[in-house]
Structures are given as C-alpha cells and as structure tokens.
Amino acid sequence: MSISRVAVVGAGIVGAALAREIAGRLPDAEVTVFDKAEHVAAHQSGHTSGIVDSGLDEEPGTLEATLARRGVELLVPYVTERGIPYRERGQLMIAQNTDEADRLEEIADRAEKNGIPGVRLVDRKQMRDIESHARGVLGLYSPHTAVTDFAALAEALASDVRSAGGTFRFGTEVTGFDVMSNEVRVRFRKAAHDSQVDGGDDHSDAGTHSDDKHAEDDSRDEQVTDGPRTYYGDDTEPVVGFGDDVRNRLGGELRDRFGDKDWFRQVEDTLGSLNDKLSNSWSGRGPSTTRSDSDRSGHDPSHAGGSSPHDNSPHGNSPHGNSPQGTRGPRGTRETHGGTVSEESASFDLVIVAAGLQADRLAVAAGFGAEPRVVPFTSDYFIVSESDPEAAEVVRGIITSVPDPHAPFADTALVRGVNDALVLGPNTFVALGREKYERHGFDVGDIGSTVGFKGFWKFAAQTAGTAARGAKSVVSTSAFVEGVQKFVPDLDAAAVRPGPRGVRARAMDAAGALTNELLVTTRGRLTMVRNVPRAGATSALAVAEHIVDSILDVPRPGQPATD
C-alpha cells in the first residue's frame, strides 16, 4: 500500500494519538488533521475528571481490558517525558450495601485477572486508614490509580504531529467522503461555530479541561440531512416531542411515585416549556430567542464535522418555515439563510475518522450503517476549590461508587485533581445538544436525533427506575451533594461550587444497549472509529497503536495479521 497523504478527522485525544502514530510509522507521509473546532480537545477530551482508568472492571481477556492496561503502560512514560502532570492518588471503590459488596468482590476478581497491581479488598477499618472520612460496608483499593491532565496530553500529542511535519486544519467541517479504489476524497467547508463551544461560563479548574450527486435524493434521513440540520422520520413532522408525548412515553409509574415531589414537577414543567419553544420554532411563531444559537447566527451547520472520550466527551440549526432542507446552489456550494457556503475537497491515500460525538453522522455520510448511534449525555461536575484546603482535604485521593450495570450513569466519583481541587461527579443526564455546554439552550437537530431513535426509548424504559432517582439531582445541586455525602458525610455542602460540564458520546444499538467495545469499520482506504472503550482517554495511545497496526497489517507479538 503506497501512502503519502493521510487525513485524520477529529482532533480529540484519540484523533491526535492516531495522527501521531501514523506520523511516526510513515515519516514521509503528509498528515493532515481536520476538526471543526478551533483547537485540540475542544469537546470530550477536554472535559473529564482526569482519572487514569486502568480498567478495573473490564472483562478479563477482552480487547478493552488489554487496551486499558496497554494504555497505562504507554501513558506513564509519555507524560513523564513531556512534563504533563500525573499523580498517583489511589482509588477506593466503596460499596454501600450487600448487593454492591457482592459486585465489588466480582470486580476485585476481574482486577486481579487483569493484572492491576496492588488491588485488594478492605474492610471498614482499613477503608478509614486509607480515607479517614469515607464510609461504606466494603472497599476495593487500587493504590496506583492516578489523575492527569488529558487536555494537556492531547496538546502534547498534537505538538508531536506538528514536529513531524503534520498540519491541523481547525475551523474546518468535514461533510462527506468519496471512497475510490486507491484513495479517498474528503469534502469539507468552513465551520460555523457556537459562541459556547468551549463551555461558556463553566469553570475549568477541575483539571482537564454531500455534494450535488445526492441532491435528487429527497428521502428524509433522520440521521444526516443537508440544509438546516433537522432530523425526520417517516412522517412530515420533525421527530421531536416533549411535554405530554414524552411524559406518556415514560408512563404513569414515575408520576404515581414522585408526582408530589417538587423536583419532579420541575422536570415536567421544564419539558413542557421546551416543547412549547420547539413548537413555536418549527411553526415560525415566537421570538428568535427560542432558536438555537447557531440558527440565530445565520450559519448552516448541516453536516457533522470532525470533532473530537470517560474520559471523555463532550454539539445544529432550528428549522423554520417551509424549507427544512435548505436550497442547493451550484456544485460545491450550498445556499443557507446566511448566504452561500463553499465546499472544497482533497484526496488522500488513507483517511481515519475519529469524530467522537459526530461518529455516527460521519459514518452515514460515508455510506456506512447508522448504528451504533451516538446518544449524547451531559456530565456536570462540581468542585471544592484548592483555595479551601480544609474542605477539599476530606478526600485524599479518589473515591468512587460501585458500577451498576442496570444504572450506567449512576456512577459517583470524588477526585483530588492534579491541581488539588476536589472534583465531584459526574451528574449525568441526556444532553440537549452534542456540543452544547451552556446551562441554557438546546440544539433542535441533536434532540431530534436522540428522541427519534427507537433504541433510546428502549434504553429509557430499561433504566427508568434509576433515571427517576437521578432526575432529582439534575435539577437540584443539594440533592446531588446529598448523594455524594453517602460516601463522605463530612463533605461541606456550602463549599461545593458548579464546575465544568462535559458531553459524552455513548454508542447505542437499536435494542437500547450501550456498548463499551472498540468498534472500527473499514471500506477501502477509509477507516471509521465508531466507538472507543469507556477508558478512551487513558487508552488513547494503545487504541491508536492497535488501529494503525490493523490498517498497515502489522501483527504485534502474539497476534495474527489482519485479513
């Protein structure tokens, strides 16, 4: 395979690691990285708690377990060499009841089989020797679990790419691909940006910061469309509904159980208000302030572009009037409310797409199947500042809850970050936009993509009980802090402040099941990274190594060559 021109789409930590790996393996190749954001790690990679996840609870023998361990092996010497903060804090996973204790013992067995060094079960007394303010019935201690600055890591990887002669094209939105026998044509244009792409007024001190040939196809695809990005099903109305429709889908059980609670009424009122705003937006009624930020700016971000993992992740236009699809201009242009947007193209011998929150949309734009679909979840973090050492020092290292397979977003962590601030979270809920970080506002297209996906509703039905318990903390910071105080009762609620917000991409199938697997699909010289494991940031170097091995057909010790 002759390779002299390589493109990587996505400048998150995985994309930067892939570009660096390619540049190192193919020193004579020209490497170009596209991203519609204005800097590296603008989304998921730059909005994490900073935990270096060594894969404590990964299934032994799986690729994900292997990548987690290999990721740490590659990460530690790299951050040491580059002077990136890396601190071994030690992780104490705490069970609060007998059911969690049983799961904790299973995790301890997995950790031992996965070769996690020093992991051991601890009783209450031993637990308090490790974390004097911690409470629980049983603990699992991993003494070498660390924290780092993943945004700084992504910047260092990007610096390596530049040093090797690679270039970054920021502010460039990839719109499609044409796969040919020995090259791939990448289509792109200048990106339209939200003013809040970097998280608005969120604090960051917690640590880690199609072309004309498709014009005759009038089928409305709920996944990828041109013109203002709105998602349609088989009917003529947008597949977005809140208020009564969503409440009916959830059923009466939650209202029967929690209808007398103030927080539940607040959730229902919020959904109803949002439904009114969206209805006014579609019909052209109401003030312009009900439109998404990108629509107010007059831009047309119709196709998903390259964007950047628990590491996390942390993204549309409102349709108005009777022209939801926009207007096609001459070949290579698209007419929008804000004028004509020029589309360019360039050909490459090899293209790798690691677009994170936009992975499914770019996969469809390349002709791959729509599943797994990306469902975005917002993760709010809270902080106790390092400037209040007495309040922050109730936690010495990392305290986490026991993962619950039936409540995938109920995880709780208290983390002393690289700057000694205490990070609490994540408080996780369905995102109102794939790239929306501000506390108010929404993206019509992204919401439509989520609620128009049947798999999402199956997932919602399967997790309704835990979602109901978690809804209270979504609308109430005090309720969230109360949940955290189960692990550290001495945590001073008055010292807790809002911290950064991230948006995580979770891959979901039609049955509503989330996947934690590394999913990569290939057609000719185009490779699409559809999903990375939960420890995506920790294992980024290993993921890049594995994917490039597969592309270049290079077997590693003990592994057969790929077909």
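Here, the structure is the one placed above.
Rules and cut-offs
Residues numbered from 1 in each chain as written. Predicted model: local features only at pLDDT ≥ 70, side-chain atom pairs only at ≥ 80, totals over all residues. Heavy atoms only, no water. Buried < 20%, exposed > 50% of the residue type's maximum accessible area, 1.4 Å probe, protein only. Helix = DSSP H or I, 4+ residues; strand = E, 2+ residues; numbered from the N terminus. Pairing = 2+ DSSP bridges. Right-handed = clockwise from strand over helix to strand, strands pointing away. Salt bridge = Lys/Arg side-chain N within 4 Å of Asp/Glu carboxyl O. Polar contact = N/O pair within 3.5 Å; in protein donor to acceptor, adjacent residues only side chain to side chain. Axes fitted to C-alpha atoms, helices over the stretch in contact; angles between N-to-C directions. Parallel < 35°, antiparallel > 145°, perpendicular 65-115°, else oblique. Left-handed = near helix turned anticlockwise from the far one by under 90°. Contact = heavy atoms within 4.5 Å. Phe/Tyr/Trp six-rings, centres within 6.5 Å; stacked < 30°, edge-to-face > 60°. Lys NZ or Arg CZ within 6 Å of the ring centre and 35° of its normal. Patch = residues over 30% accessible without salt bridge, like charges linked within 9 Å, V, L, I, M, F, W, Y side chains within 5 Å. Areas by Shrake-Rupley, 256 points an atom, 1.4 Å probe, with all protein chains shown as cover. Lys, Arg positive; Asp, Glu negative; His and termini not counted. Charge placed at Lys NZ, Arg CZ, Asp CG, Glu CD.

Q: Describe in detail the pairing of strand E2 (residues 30-35), supporting the description with residues and values.
A: Taken residue by residue, a regular strand's side chains alternate between the two faces of the sheet. Most of E2 sits out of view: five of its six residues are buried. As paired elements, strand E1 (residues 5-9) and E2 share five bridges and run parallel to each other. What sits directly across from Val6, in E2, is Val31. Tracing the backbone out of E1, into helix H1 (residues 13-25) and back to the parallel element E2 gives a crossover that is right-handed. Two elements, E2 and strand E9 (residues 167-170), share four bridges in a ladder whose sense is parallel. Bridge assignment links Val33 to a residue of E9, and that residue is Phe168.

Q: An account of the pattern of salt bridges is requested, with residue identities and associated values reported.
A: A full pass over the atoms with the stated rule returns 21 salt bridges. We note a salt bridge from Arg5 to Glu183, for which the minimum N-O separation is 3.4 Å. One end of the pair, Arg5, is in strand E1; the other, Glu183, is in the loop between strand E10 (172-179) and strand E11 (184-190), with 178 residues separating them in the sequence.

Q: Go over the side chain of Asp178, please, and point to the residues and values.
A: Take Asp178: it is sitting in strand E10. Polar contacts involving the side chain of Asp178 include one to the side chain of Arg187, which spans 3.2 Å.

Q: Give me the lowdown on the packing of H1 against helix H16 (residues 540-552), citing residues and values where you can.
A: Two elements in contact, H1 and H16, have axes whose closest approach is 8 Å; the angle formed by their N-to-C orientations is 50°. It follows that H1 is oblique to H16 by the angle criterion. In this structure, the crossing between H1 and H16 has a hand that is right-handed. Across from Ile13, Val14, Ala17, Leu18, Arg20, Glu21, Ile22 and Arg25 in H1, the residues of H16 making contact are Ala540, Leu541, Val543, Ala544, Glu545, Ile547, Val548, Asp549 and Leu552.

Q: Account for unusual backbone geometry, with residues named and values stated.
A: The phi angle of most residues is negative, glycine excepted, and most peptide bonds adopt the trans form. Put simply, Glu371 and Pro372 share a cis peptide bond, and its omega is 5°. Position of Pro372 relative to the elements: it lies in the loop between helix H10 (359-365) and strand E16 (373-384). For the bond from Gly425 to Pro426, the omega torsion is -5°, close enough to zero to count as cis. Here Pro426 shows up in strand E19 (residues 422-430). One non-glycine residue, Ala41, lies in positive phi territory at about 55°. Mapped onto the secondary structure, Ala41 falls in the loop between E2 and strand E3 (51-52). Even without glycine at this site, Asp420 takes up a positive phi of about 80°. Summarising the element assignment, Asp420 is placed in the loop between strand E18 (413-416) and E19.

Q: Residues and numbers for the packing of aromatic side chains, please.
A: One pass over the structure, following the stated rule, counts six aromatic pairs. With centroids separated by 5.5 Å and ring planes inclined at 15°, the aromatic side chains of Phe168 and Phe170 adopt a geometry described as stacked. Among the aromatic residues, those joined into a cluster by ring pairs are Phe34, Phe188 and Phe348. The ring of Phe168 has Arg162 lying over it, and the distance from NZ or CZ to the ring centre is 4.7 Å. Cation over ring: Arg523 sits above Phe368, and NZ or CZ is 4.5 Å from the ring centre.

Q: For the sheet that holds E18, give the residues involved together with the corresponding values.
A: The mixed open sheet is built from eight strands, whose spatial order is E6-E7-E5-E17-E18-E19-E16-E20. Across the chains shown, the open sheet's two edge strands, defined by having one partner strand only, are strand E6 (120-122) and strand E20 (497-508). Strand-to-strand twist across the sheet, computed as the mean angle between neighbouring axes with direction ignored, equals 25°.

Q: Account for a negative patch on the surface, naming residues and giving values.
A: A surface patch of negative charge is lined by Asp99, Asp102, Glu105 and Glu106. Along the chain, Glu106 falls in helix H3 (residues 98-113).

Q: Describe the environment of Thr48, with residues and values.
A: With respect to the helices, strands and loops of the structure, Thr48 is situated in the loop between E2 and E3. Linking Thr48 and Asp149, residues 101 residues apart in sequence, is a C-alpha distance of 8.8 Å. Within the local environment of Thr48, its side chain forms a polar contact with the backbone nitrogen of Gly50, the two atoms lying 3.1 Å apart.

Purely spatial values, then, with no claim about function.
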